[in-house]
Amino acid sequence: MFNLEEFINQYVTKRSESMFDADVHDNTAELREKIENKSVLVIGGAGSIGSSFIRALLPFNPAELVVVDTNENALTELTRSLRSSSILSAVMPDIYLSYPMDYSSITFRRMFSHHKRSNGTHGFDIVANFSAHKHVRSEKDIYSVEALLRNNVISAKKLLDILSVYPPEIYFCVSTDKAANPVNIMGASKRIMEDLIFSFSDVFPVKTARFANVAFSNGSLPLGFLERINQRQPLSAPSDVKRYFVSPKESGQICLLAAIFGQNREIFFPKLDAAQMTTFDKIAEDLLTNFGYEVDYCATDQEAIEKSKKWTEDKPYPVHFSESDTSGEKAFEEFYIPGEEVDMNKFKSLGVIKDKSITDRNAVVELIRTLDNAFESENCCKADIVNILSQYLPSFEHIETGKSLDGKM
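Keep in mind it's a predicted model, so treat the numbers as computed, not measured. (Residues numbered from 1 in each chain as written. Predicted model: local features only at pLDDT ≥ 70, side-chain atom pairs only at ≥ 80, totals over all residues. Heavy atoms only, no water.)

Turning our attention to the overall build of the chain. Within the chain, the regular secondary structure consists of 14 helices and 16 strands. Taken against the 2.2 N^0.38 rule, which gives 22 Å for 409 residues, the C-alpha radius of gyration of the chain at 21 Å falls within 12% of a compact globule. Along the longest, intermediate and shortest principal axes, the C-alpha atoms of the chain span 65 × 55 × 40 Å. In the chain, buried positions account for 55% of the 409 residues. Residue pairs at least 24 apart in sequence account for 78% of intrachain contacts in the chain once pairs closer than 6 positions are excluded. Looking at the chain as shown, the accessible area adds up to about 18100 Å², and 48% of this sits on carbon and sulfur atoms. (Helix = DSSP H or I, 4+ residues; strand = E, 2+ residues; numbered from the N terminus. Rg over C-alpha atoms; globule rule 2.2 N^0.38 Å. Buried < 20%, exposed > 50% of the residue type's maximum accessible area, 1.4 Å probe, protein only. Contact = heavy atoms within 4.5 Å. Areas by Shrake-Rupley, 256 points an atom, 1.4 Å probe, with all protein chains shown as cover.)

Below you can see the structure in the form of structure tokens.
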């Protein structure tokens, strides 16, 4: 029987255990001290990273857990999974609530402002936000770009305004390695998100984490491989894109350690070197080998599709691997850039970008206002938004090829 966790450990991360287990173990007492009996709100908690964060958090006994996500079905499955777990079901807090709602909605604002902590004040002790558009494919035209920026930046500002009225002890918001020297709008949006949360750091402590691809996360290409095999469809992947990967468990631990131990305006990232990167086509090959299939290398998507129509279990599995030619694909990954002060000694497996300055809130708010006004214009196009972002982020060098991932298998 195929075991996904074992496959990830052996072929993707090439680690038999989480690289962050030692840091969690060494700090167990302090983690419990800072989490036990606290009220915790997790936004986007039904997603891959958010749910992994919850699984990392629960053993330290929060008094209350509220999970918000727009995906009602995923919330239901999260609850079933937690309640069915032989380990986590025993540490579920007495107060557990899952809400299928948009965190930028009036309903969310009402829920948040009416909620009371154990000390009688309104709000939550710990707030972690995982709601984000994470795909480079989410920037194909002006409508997809608007949805991405509203979720990652504009709605995030609305949340921070609420937190200013009801300050938490800790606010954590997930970022991405693509925020370092961004070449796509998604990465730029996360870089701006970092500026945005830092601009509120004089009101409440803010922390974030940049990290690699989460292996087999929801919507990821590797998870898509499993879906394609299940549906007897061909596999397609870039052959020249190398990426860092962490396991789902590791993604939750990164965020937990950053949220609890990060100082104000610190950015955490995993200590990974170039030798630990792998390619998507290699993952696909290893996956097919584990399923007992040989690989049939096709020259085009169409050839692979035609062969899949006649494919049977005793034949090589059709795939099409090709060089990447879509907009926004970064040739390499990096977690920090020159000029950022980095501490590599604080944790065994985590680096920390420290002493980030407080961003000028007026500058970020003006950017949001400019974006809002641009989206209201009937003539606004993707190039206009790239120009606006480039004026705010001079280092933003958008890679535009005119091709989107939606045009590929």
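Now that the structure is up, let's keep going.
Taking 1.5 Å per residue as the helical rise, helix H10 (residues 248-261) with its 14 residues ought to reach 20 Å, and the 20 Å between its terminal C-alpha atoms agrees with that figure. For H10, the tally of buried residues reaches twelve of 14 residues, placing the bulk of the element in the interior. Among all positions of H10, only Glu250, Ser251, Gly252, Gln253, Ile254, Cys255, Leu256, Leu257, Ala258, Ala259, Ile260 and Phe261 are buried. (Expected span 1.5 Å × (residues − 1).)

By the criterion of burial, strand S11 (residues 266-270) is predominantly enclosed, with five of the five residues buried. Burial along S11 is two-sided: Glu266, Phe268 and Pro270 facing one way and Ile267 and Phe269 facing the other are all buried. Summarising the sheet, strand S6 (residues 206-209) and S11 pair through three bridges and their orientation is parallel. If you follow Lys207 over to S11, its bridge partner there is Glu266. Alignment of S11 against strand S16 (residues 350-354), held across four bridges, turns out to be antiparallel. In the strand pairing of S16, Phe268 is matched with Val352. (Pairing = 2+ DSSP bridges.)

Attention now goes to the state of the cysteines. Applying the stated criterion across every chain yields a total of zero disulfides. For the unlinked cysteine Cys173, the closest cysteine sulfur is that of Cys255, found at 9.8 Å. Residue Cys173 is classed as buried on the basis of its relative accessible area of 3%. (Disulfide = S-S within 2.5 Å.)

Moving on: unusual backbone geometry. Of note, the phi angle at Lys14 is positive, near 60 degrees, even though the residue is not glycine. Mapping Lys14 onto the fold places it in the loop between helix H1 (4-12) and helix H2 (21-26). Not every positive phi belongs to a glycine, and Asp355 is a case in point at roughly 55 degrees.

Residue position: Ser199 is located in the loop between helix H8 (185-198) and S6. Aside from chain neighbours lying at most four places away, what touches Ser199 is Ile358, Thr359 and Arg361.

Read from one edge to the other, the open sheet built from nine strands follows the order S3-S2-S1-S4-S5-S6-S11-S16-S15, with strand pairing classed as mixed. Strands with a single pairing partner mark the edges of an open sheet, and in this sheet they are strand S3 (95-100) and strand S15 (341-343). Strand-to-strand twist of the sheet, defined as the mean angle between neighbouring strand axes without regard to direction, takes the value 20 degrees. Bridge count between strand S1 (residues 39-43) and strand S2 (residues 64-69): five bridges; the pairing is parallel. By the bridge assignment for S2, Ile43 is matched with Val68. The strands touched by helix H7 (residues 142-165) within the sheet are S1, strand S4 (126-129) and strand S5 (170-174), with S5 carrying the most contacts at an inclination of about 170 degrees. (Axes fitted to C-alpha atoms, helices over the stretch in contact; angles between N-to-C directions.)

An α-helix turns once every 3.6 residues. As a result, residues three or four positions apart point the same way. Helix length check: H7, at 24 residues, gives a terminal C-alpha distance of 33 Å against a target of 34 Å (1.5 Å per residue), a fit within 8%. If you look at H7, its biggest bend is around 45 degrees, right at Arg150. You can read the cap of H7 off the contacts: a side-chain oxygen lies 3.1 Å from the backbone nitrogen of Tyr143, and it is on Asp141. (Bend = angle between axes of the 7 residues up to and from the residue. Polar contact = N/O pair within 3.5 Å; in protein donor to acceptor, adjacent residues only side chain to side chain.)

A separate point is the nonpolar core. Among the nonpolar cores identified, the biggest contains 102 residues, and Leu41, Phe108, Tyr171 and Ile385 are the most heavily contacted of them. Of the residues forming this core, the biggest block, eleven residues, is contributed by H7. Within the second largest apolar cluster, 22 residues are counted, among which are Phe225, Ile229, Ile283 and Ala284. (Core = buried A, V, L, I, M, F, W, Y, C linked by side-chain atoms within 4.5 Å.)

Turning next to the sheet that holds strand S13 (residues 295-297). Here we have three strands laid out as an open sheet, ordered S8-S14-S13, and parallel in their pairing. At either margin of the open sheet sits one strand with a lone partner, and together these are strand S8 (235-238) and S13. Strand after strand, the sheet turns through a mean of 35 degrees between neighbouring axes, direction not considered. Two strands pair when backbone bridges link them, and S13 and strand S14 (residues 317-322) are joined in this way by three bridges, in the parallel orientation. Pairing of Val295 across the sheet is with Tyr317, part of S14. Relative to S8, helix H9 (residues 221-230) is tilted by about 165 degrees, and along the sheet it contacts S8 and S14. Contacts between helix H11 (residues 280-290) and the sheet are confined to S8, S13 and S14, with S8 contributing the most and set at about 150 degrees to the helix.

Scanning the entire structure with this criterion turns up 22 aromatic pairs. Residues Phe112 and Tyr166 carry aromatic rings whose centres are separated by 6.1 Å and whose planes lie at 45 degrees to one another, so their mutual orientation is tilted. Note that Phe112 is positioned in helix H6 (residues 106-114) and Tyr166 in the loop between H7 and S5, a separation of 54 residues in sequence. Judged by relative accessible area, Tyr166 falls into the partly exposed class, the value being 23%. A centroid spacing of 5.2 Å and a plane angle of 40 degrees characterise the contact between Phe269 and Tyr336, whose relative ring orientation is tilted. Highlighted residues: Phe269 in strand S11 and Tyr336 in the loop between S14 and S15, separated in sequence by 67 residues. (Phe/Tyr/Trp six-rings, centres within 6.5 Å; stacked < 30°, edge-to-face > 60°.)

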